[in-house]
Amino acid sequence: MFPSDNLINMGSNRKKRESTKRVNRNMLVLVLVLFASSILGAYQFYWQPKQKRQAAKAVLDKADRLLAQNRQQEAADGYREAVALDPNLAQAWNGLAVLEVSAKRMQQALPFFDEALSLDVNFFEAQVGRAIAYEGLGRFLEAESDYKKALSLRPNFGGVHYNLGYLYQQQALYHDAEVHYKESLRLLPNLLQAMANLGAVYDLQQDPGKAATIYERALASHPDEGPLHARLGKSHMKLQDYERAHAAYLRAIELDVVDAYIYHDLGIISEQTDKLKQAEAYFNRALSTDPSHADSYQKLGLVTAALGYPDQSAGYYQQAIRQDPTHAAAHYNLAQHYFAQGRSAEGSEMMEVFAGLKEYEGRLAALKRVVSRNPRNPQASYELAQLHLQF
């Protein structure tokens, strides 16, 4: 081998070693890049979402505290931040919906409730909240469905039974309302609203005895509820128990309840015992409370006639008719006044109107009985509406 050959070989070997080093360095860089990428990927696909969820939960908890403090705008900002961090946070969507409901923006609340329930189909609070929103919008069937779904999740939640009872009461479904009010009271025995509304339902079902019993039960635990004393007085009036009605009404007045029908009924009680001047005073008091109270004008007409003032009584009958053109008794009594004065034509005209009104009242009462027996019957409701249009 020539010396020059050794030099060539040495140079060739050096180049191979340098090439190998470059390859090794490149491989090391590639490994480092791949490792860094795997770390970044793990952060992006595991650690970062986990941190966001934790941050969203912290923001949600803070928003809940703000809502409890009635700091609604700050709470709304918090709920929005929470859903931005974690769109799958059903509680945050529900929080936004609750804020809309509290501001009586029922339509705006619905998409938030829908989102919460799409994330958690068994979200009890969202189910109840959406029912309340539907009820506020007058969408009875949707509200009923959501309340029932909520009760399927928590059958012993008294507040939902109360809400469903109230929904049925508003729709004149009194038997269904009664069932749920009773159940709410089984679960929450001292729930004043349930007792008051159950009494009202009994009154609407023409059962004043049951109404009086439930009002008395309510007053045993809430003795200073003036409106309940007034309702109790009305139930006793229907039972013609005038002594108890009188006592209940006077107690309501002591508790600052002001209503024309209270003074009107006290006037009737005084009239029943021939205390005509006292009756007159009560009827006038009713009219000072409500100048459009036709029944009190009609009763004043009877009392002033009994006191010997026929012309004045005619004026009261006429005023009753002006306030309520369908007031049958006022037409009848004004007709009798005209006959007594020899004004036969006017008396006959009033009697014709009275006869028509009595026919209307009879048919109306009959149709109402049909509707009350089967309130979900659309035909009966249609016929009732047609009767109103005819008259």
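For the structure itself, consult the block above.
Rules of the game
Residues numbered from 1 in each chain as written. Predicted model: local features only at pLDDT ≥ 70, side-chain atom pairs only at ≥ 80, totals over all residues. Heavy atoms only, no water. Axes fitted to C-alpha atoms, helices over the stretch in contact; angles between N-to-C directions. Helix = DSSP H or I, 4+ residues; strand = E, 2+ residues; numbered from the N terminus. Left-handed = near helix turned anticlockwise from the far one by under 90°. Contact = heavy atoms within 4.5 Å. Nonpolar A, V, L, I, M, F, W, Y, C, P; charged D, E, K, R; others polar. Expected span 1.5 Å × (residues − 1). Buried < 20%, exposed > 50% of the residue type's maximum accessible area, 1.4 Å probe, protein only. Salt bridge = Lys/Arg side-chain N within 4 Å of Asp/Glu carboxyl O. Phe/Tyr/Trp six-rings, centres within 6.5 Å; stacked < 30°, edge-to-face > 60°.

The next point concerns the packing of helix H12 (residues 242-254) against helix H13 (residues 260-272). Where H12 meets H13, the closest approach of the two axes is 10 Å, and the angle between their N-to-C directions is 145°. In the crossing of H12 with H13, the sense of the turn from one axis to the other is left-handed. Residues Tyr242, Ala245, His246, Tyr249, Leu250, Ala252 and Ile253 of H12 touch H13, and the partners they reach there are Tyr261, Ile262, Tyr263, Asp265, Leu266, Ile269 and Gln272. Split into classes, the residues belonging to the contact of H12 with H13 amount to eleven nonpolar, two polar and one charged.

Attention now goes to helix H15 (residues 294-306). In an α-helix, one turn spans 3.6 residues, which is why side chains three or four residues apart end up on the same side. The end-to-end C-alpha distance of H15, which contains 13 residues, comes to 19 Å, matching closely the 18 Å that a straight helix rising 1.5 Å per residue would cover. Along H15, the positions that sit buried rather than exposed are Ala294, Ser296, Tyr297, Gln298, Lys299, Leu300, Gly301, Val303 and Thr304.

What follows concerns the pattern of salt bridges. Per the counting criterion, the structure on display carries 19 salt bridges. Here Arg130 ties to Asp114 by a salt bridge, and the two come within 2.8 Å at their closest N and O atoms. Taken together, the residues span a long stretch of sequence, with Arg130 in helix H5 (residues 124-136) and Asp114 in helix H4 (residues 106-119) at a distance of 16 residues. Assessed through its relative accessible area of 35%, Asp114 is described here as partly exposed. Between Glu183 and Arg186 there is a salt bridge; the shortest N-O distance is 2.6 Å. Linking Glu183 with Arg186, this pair stays in helix H8 (residues 174-187), spanning three residues, or about one helical turn.

Take the packing of aromatic side chains next. Going through the model one piece at a time under the given rule, you end up with six aromatic pairs. Between Tyr162 and Tyr181, the ring centres sit 5.7 Å apart and the planes meet at 45°, which makes this aromatic pair tilted. With a gap of 19 residues between them, Tyr162 in helix H7 (residues 158-170) and Tyr181 in helix H8 connect regions that are remote in the sequence. Judged on exposure class, the residue Tyr162 and its partner Tyr181 are both buried.

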